[in-house]
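# Inside the fold
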Amino acid sequence: MTTDKPDAQVGLFGRLVASGAHQKLLAFASLVILLLGFSLASPNFMQTSNIIAILQATSVNGVLAVAATLVIITGGIDLSVGTLMTFTAVMTGVVLTNLGLPLPLGIITAIATGAFCGFCSGSFVAKMKIPPFIATLGMMLILKGLSLVISGTRPIYFNDTPGFDQISNGSLIGAFFPSLPIPNGVLILFLVAAAAAYILNRTVLGRYCFALGSNEESVRLSGVNTDWWKIAIYSLAGAIVGIGGLLIASRLNSAQPALGLGYELEAIAAVVIGGTSLSGGRGTILGTLIGALIMAVLINGLRILSVAQEWQTVVTGVIIILAVYADMVRRKKSA
Amino acid sequence: MNDLVRMAGIEKRFPGVHALNNASFDLQPGEVHALMGENGAGKSTLMKILSGVYARDGGAIHVDGNAVDFHGPRAAQDAGVGIIHQELSLMNDLTAAQNIFIGREPRRSFGRLDEAALNRQAAEIFSQMNLDLDTRTPVHQMTIAKQQMVEIAKALSYRSHILVMDEPTAALNDAEISDLFTIIRKLRSEGAGIIYISHKMDELKQIADRVTIMRDGETVGTVPAADTPIADIIKMMVGRSLNDGALELAEYDDTSVALEVNGLSRGHEIRDVSFKVHKGEILGFAGLMGAGRTEVARAVFGADPSDSGTVKVHGQKLDIKSPTDAVAAGIGYLSEDRKHFGLATGMSVRANIAMTNLKQFSSRLGTLDESAMQATAQEYIERLGIRTPSDRQEVRLLSGGNQQKVVIAKWLLRDCDVLIFDEPTRGIDVGAKAEIYKLLIDLAEQGRAIIVISSELPEVLRISHRIAVMCEGRLTGILDRRDATQESIMKLATQTMREQSITQTGAQ
């Protein structure tokens with residue numbers, strides 16, 4: 001049953017992919033079919049500029065989804081990723097625009113704020129034993145409120161920080177390969193995803209992610225400080241959301257305090273489409289990336305075909321249900 | 001004084017319960033020391049204190065002659081105490097090696113894992129155990145027996161020389177049990193001490209050197225395993241003697257067939273199974289784990305599909321496609337896994353009893369008649385002797401035996417003529433078992449046809465009129481209780497296995 005060949009010398013990428021290959025095959029096949037379908041339906045779809053637009057649209061949701069994947073593999077859920085993203089953007093605005101501090105401090109603020117809020121959520125879950133759904137629901141509302149309070153409900157612009165918009169919109173790759181103007185936001189998404197995949201598959205933290213989602217009591221009885229590790233995982237997820245906050249703020253060149261609600265559901269949708277089990281213990285970052293891409297391709301393709309936005313949302317909902325159903329059918333067959 | 005473990009005067013109180021009252025226990029090197037007692041006697045609590053899961057309220061513990069006070073399982077593991085819990089506590093999505101070294105993964109810098117070292121070390125432990133198992137196999141792909149071996153490997157990996165096994169054979173078949181015993185004997189010969197908790201008397205005689213018996217949180221006594229008659233041990237456990245011979249069964253009417261199954265088949269799991277159960281008869285189903293007994297029951301009940309075969313109830317041919325059809329035809333199935341399939345454990349006794357028959361208690365508008373449900377629940381609590389403070393008690397707070405009675409009540413209410421009991425006494429202590437047997441016999445005397453699936457041969461022999469034996473999906477024979485012995489059943493239960501091993505060696 002396993003696609004792993006224990007003795008074969010497989011490269012790092014191969015190992016990361018193989019750990020759940022069949023799980024993602026389905027999602028990947030759907031992505032290919034979508035791409036083929038849309039490119040047949042419209043000649044505009046496969047244009048380089050459109051592909052880059054799709055990738056750009058994936059970047060923020062992708063980063064949030066990577067964060068959500070970590071928490072979901074532990075058997076938890078994080079409903080606060082959307083408003084936390086906004087909150088980290090607002091805090092960055094406070095540091096850069098209101099206080100006028102230099103750009104690196106703004107970047108550190110976003111990531112540190114995210115990590116701290118993740119630490120709080122993690123503590124509510126691990127120490128106060130509040131179910132993750134409730135703890136992060138509370139966190140979601142707290143952060144939404146705080147974003148509005150701190151910003152005075154007005155957007156904070158980054159016009160005084162030169163180069164801030166380049167974080168997401170600039171293209172480092174394009175500077176070297178002018179024919180490939182891939183925005184930095186996309187590059188950052190792939191770097192974040194690669195790092196998260198490495199952590200998940202190759203480090204102690206990642207191992208406990210899966211172990212906690214598989215059988216938490218058993219991990220605890222093995223003498224592992226499960227509370228501490230859980231808090232660490234939520235903190236890491238928060239830090240990744242902080243990167244997402246930087247990306248959205250850079251793309252809009254402003255921190256929009258009213259934004260954020262709804263992003264958490266899109267992130268969770270990407271995770272689920274990517275084959276990660278909501279009951280914990282199973283999941284991959286690559287799957288989540290494919291899930292996020294599927295959603296972006298779908299929205300983009302439907303827009304090119306002039307399908308009304310309302311209907312795009314309906315289709316997304318149908319895709320989520322089909323994806324999870326297909327995964328369950330596949331799992332039943334393989335069992 | 002070279003005791004491995006000496007526990008004296010151990011006290012433990014939980015809210016409302018004096019779980020351990022002046023309990024004592026000792027373990028010598030190179031000894032298998034069995035710990036017996038009814039459910040709730042305090043065996044598991046005592047062992048959880050030894051392994052650092054619970055903190056004690058009083059008393060002293062010495063390990064290797066040193067006074068110890070474990071705060072948490074890690075401290076106990078470091079002192080060489082390993083415990084294999086009753087409920088398998090593995091992480092299903094991780095591999096064997098990852099499970100064994102959880103919390104102590106070989107690491108490189110920056111918290112990176114050294115997966116190669118991990119698998120190498122796990123493989124070393126497996127080879128010490130003479131266990132042929134790939135360390136990279138995810139646990140959920142293994143049989144229960146293999147999972148048990150992984151648990152043992154995990155305990156050994158702590159270099160434990162004191163090993164606590166809490167009902168390790170509950171889910172194993174005879175061949176697997178003998179593998180386990182081989183490993184236990186090997187460990188014993190190397191000087192380890194093993195504390196063995198079990199309900200099964202015959203195992204005790206096979207493996208244990210001494211037996212300590214607990215009752216109501218106290219240690220009643222310690223006796224040598226080989227020289228003490230089982231009856232004496234049971235007497236110490238329950239404080240009274242129990243008869244374990246075959247039970248008195250009323251004659252049944254062999255002209256009136258209640259359930260007739262013909263040529264039932266599905267893939268490799270069920271192969272051409274035919275049998276009859278009569279009114280007032282108890283038909284036992286024996287066989288090794290995986291022989292297809294539960295599969296037959298589930299197919300008859302419509303819970304799983306079948307490829308071919310007919311089911312007749314009272315001579316009438318039925319087309320059972322779902323459990324709903326089966327219940328309408330008067331067939332009830334009491335699953336082996338009460339907690340998963342049989343009961344809503346978070347709900348009250350009353351709600352559970354009424355569960356499958358809500359129509360009877362609801363008005364045309366769908367509102368429920370609580371007082372009628374209460375009256376019915378009360379009636380069954382008395383009839384079956386369910387020990388519960390009230391019908392509003394949550395089922396999860398009852399003992400295993402009483403939970404089983406609630407399941408039975410539920411099905412009696414449906415007025416089923418054919419009742420299939422799958423492992424009705426699993427996880428139930430000796431005293432409660434006797435009550436369940438009496439209940440089954442009463443039900444048969446009332447004219448119901450009863451099928452009892454059980455992995456415990458003595459149990460099948462005690463309560464069945466006839467015994468159907470299965471092996472690898474086939475029904476290999478039906479024995480009358482007068483002719484049936486453990487040996488004759490085992491012969492039938494392993495029949496096809498032997499035939500096959502001649503023709504296809506090495507295949508599973």
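## Topic: the overall build of chain A
Scanning chain A from terminus to terminus reveals 14 helices and two strands. For 335 residues, the compact-globule formula gives about 20 Å, and the C-alpha radius of gyration of chain A, at 20 Å, lands near that figure. Referenced to the eigenvectors of the C-alpha coordinate spread, the extents of chain A come out at roughly 55 × 55 × 40 Å. Taking all 335 residues of chain A together, 52% fall into the buried category. Once local pairs closer than 6 in sequence are excluded, the contacts in chain A between residues at least 24 apart make up 76%.

## Examining the overall build of chain B
From N to C terminus, chain B includes 18 helices and 20 strands. Since a compact globule built from 508 residues should have a radius of gyration of about 23 Å, the 25 Å found for chain B is in line with a globular shape. Considering only C-alpha atoms, chain B reaches an extent of 70 × 60 × 55 Å along its principal axes. Burial analysis of chain B (508 residues in total) assigns 53% to the buried set. When the accessible area of chain B is evaluated, it comes to approximately 22400 Å², of which 47% is carbon and sulfur surface. Positive and negative side-chain charges of chain B, numbering 57 and 68 respectively, have mean locations separated by a distance of 3 Å.

## Some remarks on the sheet that holds strand E19 (residues 466–471) of chain B
Residue and element names in this part refer to chain B. Strands sit in the order E16-E17-E18-E13-E19-E20 across an open sheet of six strands; the sheet is mixed. Lying at the two open borders of the sheet, with one neighbouring strand each, are strand E16 (331–334) and strand E20 (474–480). Strand-to-strand twist in this sheet, taken as the mean axis angle between neighbours without regard to direction, amounts to 20°. Looking at chain direction, strand E13 (residues 282–286) and E19 are connected through four bridges and run parallel. The residue bridging Leu283 from the neighbouring strand is Arg466, located in E19. Each of E13, E16, strand E17 (418–422), strand E18 (449–453) and E19 touches helix H9 (residues 293–300); the most contacted strand, E16, lies at about 145° to it. Along the sheet, helix H14 (residues 400–413) contacts E16 and E17; its crossing angle with E16, the most-contacted strand, is approximately 165°.

## Side note on the sheet that holds strand E12 (residues 270–278) of chain B
Residues and elements named next belong to chain B. Pairing is antiparallel across the open sheet formed by four strands, whose spatial order is E12-E11-E14-E15. Each having just a single partner strand, E12 and strand E15 (316–318) make up the two edges of the open sheet. Averaged over all pairs of adjacent strands, the angle between their axes in this sheet comes to 20°, without regard to strand direction. Taken together, the five bridges between strand E11 (residues 257–266) and strand E14 (residues 308–313) define a ladder with antiparallel strand orientation. The residue of E14 that forms the bridge with Ser265 is Ser308. Lying over the sheet, H9 contacts E11, E12 and E14, oriented at roughly 110° with respect to E11.

## Focus on the domain arrangement of chain B
Interfaces are often described in size by the accessible area the parts lose on coming together. Splitting chain B by domain gives domain 1 (5–238), domain 2 (256–330 + 416–508) and domain 3 (341–415). On a C-alpha basis, the centroid separation for the pair domain 1 of chain B and domain 3 of chain B is 37 Å.

## Concerning the packing of helix H3 (residues 48–73) of chain A against helix H11 (residues 226–252) of chain A
Residue and element names in this part refer to chain A. Interaxial distance between H3 and H11 falls to 8 Å at its minimum, and their mutual angle equals 170°. With respect to H11, the element H3 is oriented roughly antiparallel. Contact residues: H3 offers Gln56, Ser59, Val60, Val63, Leu64, Val66, Ala67, Leu70 and Val71, while H11 offers Ile233, Tyr234, Leu236, Ala237, Ile240, Val241, Ile243, Gly244, Leu247, Ile248 and Arg251. Residue composition of the contact of H3 with H11, by class: 16 nonpolar, three polar and one charged.

## Considerations on the pattern of salt bridges
Any two side chains of opposite charge can pair, so long as their charged atoms come close to each other. The tally for this structure, following the rule as stated, stands at 25 salt bridges over all chains. In this structure, Glu216 of chain A and Lys230 of chain A form a salt bridge, with 3.0 Å as the shortest nitrogen-oxygen distance. In this pair, Glu216 of chain A is assigned in helix H10 (residues 204–221) and Lys230 of chain A in helix H11, connecting sequence segments 14 residues apart. When its relative accessible area of 9% is taken as the criterion, Lys230 of chain A is described as buried. One salt bridge in this structure joins Glu31 of chain B and Arg210 of chain B, with 2.4 Å as the shortest N-O distance. Taken together, the residues Glu31 of chain B in strand E3 (residues 31–36) and Arg210 of chain B in strand E9 (residues 210–215) connect sequence positions 179 residues apart. Taking relative accessible area as the criterion, Glu31 of chain B reaches 6% and is therefore assigned buried.

## Structural notes on the interface of chain B and chain A
Counting residues at the interface gives 31 residues for chain B and 25 residues for chain A. Of the roughly 2100 Å² buried at the junction of chain B and chain A (both faces included), carbon and sulfur atoms supply 53%. Broken down residue by residue, the surface that chain B buries against chain A is led by Met91, Asp93 and Leu113 of chain B, which jointly contribute 24%. The interface formed by chain B and chain A holds two salt bridges in total.

## What to know about the pairing of E13 of chain B
Residues and elements named next belong to chain B. With five of its five residues buried, E13 lies for the most part within the structure. Residues Ile282, Gly284 and Ala286 point to one face of E13 and Leu283 and Phe285 to the other, with burial holding for every one of them. Here four bridges tie E13 to E18, and the two strands are oriented parallel to one another. Bridging across to E18, Ile282 finds its partner in Ile450.

## A word on the confidence of the model for chain B
Residue and element names in this part refer to chain B. For chain B, mean pLDDT is 85; residues scoring 70 or higher make up 93% of the total. Per-residue pLDDT, averaged within each element of chain B, yields its smallest value for helix H18 (residues 495–503) (50) and its largest for E18 (95). The low-confidence segment residues 500–508, where pLDDT is below 50, has one contact with residues more than four positions distant or belonging to other chains.

## Observations concerning the packing of aromatic side chains
Evaluation of the coordinates by the stated rule reveals eight aromatic pairs over all chains. Relative to Phe164 of chain A, the ring of Phe158 of chain A lies with its centre 4.0 Å away and its plane at 20°, an arrangement referred to as stacked. Here Phe158 of chain A falls in the buried class, since its relative accessible area comes to 1%. On the accessibility criterion, Phe164 of chain A (0% relative accessible area) is buried. Where Phe275 of chain B meets Phe285 of chain B, the ring centres are 5.1 Å apart and the plane angle is 75°; that geometry is what we call edge-to-face. Residue Phe275 of chain B is located in strand E12, and its partner Phe285 of chain B is located in strand E13; the two are separated by ten residues in the primary sequence. Per residue, the accessibility class of Phe275 of chain B equals that of Phe285 of chain B, and both read buried. Taken together, Tyr208, Trp228 and Trp229 of chain A form an aromatic cluster joined through their ring pairs.

Criteria and cut-off values
- The written sequence of each chain sets the order in which its residues are numbered from 1.
- The lettering of chains begins at A and the numbering of ligands begins at 1, in the order of writing.
- Two thresholds apply to this predicted model, a pLDDT of at least 70 for residue-level local features and 80 or more for giving and counting side-chain atom pairs, whereas whole-chain, interface and lining totals are computed over all residues.
- For side-chain calculations, the full set of non-hydrogen atoms in the structure is used, while hydrogens and water are omitted.
- Counting from the N terminus, the helices are DSSP H or I runs at least four residues long and the strands are E runs at least two residues long.
- For the radius of gyration, the atoms used are the C-alpha atoms, and the globule rule reads 2.2 Å times the number of residues raised to 0.38.
- Only protein chains enter the area calculation, which uses a 1.4 Å probe; residues under 20% of their type maximum are buried, those over 50% are exposed, and those in between are partly exposed.
- Should any heavy atoms of two residues lie within 4.5 Å, those residues are counted as being in contact.
- Accessibility throughout is a Shrake-Rupley quantity obtained with a 1.4 Å probe, and a residue counts as covered only by protein chains that appear here.
- Neither His nor the chain termini are counted; the positive set is Lys and Arg, and the negative set is Asp and Glu.
- In this description, the location of a charge corresponds to atom NZ of lysine, CZ of arginine, CG of aspartate or CD of glutamate.
- Two strands qualify as a pair provided that DSSP identifies no fewer than 2 bridges between them.
- The axes used here are C-alpha line fits, helices contributing only the stretch in contact, and every angle between their N-to-C directions lies in the interval 0 to 180 degrees.
- Source of the domain bounds: an automatic or database domain assignment.
- Note that the term roughly parallel is reserved for angles under 35 degrees, roughly antiparallel for angles over 145, roughly perpendicular for angles of 65 to 115, and oblique for everything else.
- Here the nonpolar group is Ala, Val, Leu, Ile, Met, Phe, Trp, Tyr, Cys and Pro; Asp, Glu, Lys and Arg are the charged ones; every other residue, Gly included, is treated as polar.
- Between Lys or Arg on one side and Asp or Glu on the other, a salt bridge is scored when a side-chain nitrogen of the former is within 4 Å of a carboxyl oxygen of the latter.
- What gets called buried area is simply the loss in accessible area from a 1.4 Å probe that two parts show on being joined, summed for both.
- Across the chain, each position has a pLDDT score giving the predictor's confidence in that residue, from 0 to 100.
- Only the six-membered ring of Trp is used, alongside the rings of Phe and Tyr, when aromatic pairs are assigned; centres must lie within 6.5 Å, and planes under 30 degrees apart are stacked while those over 60 apart are edge-to-face, with the rest tilted.

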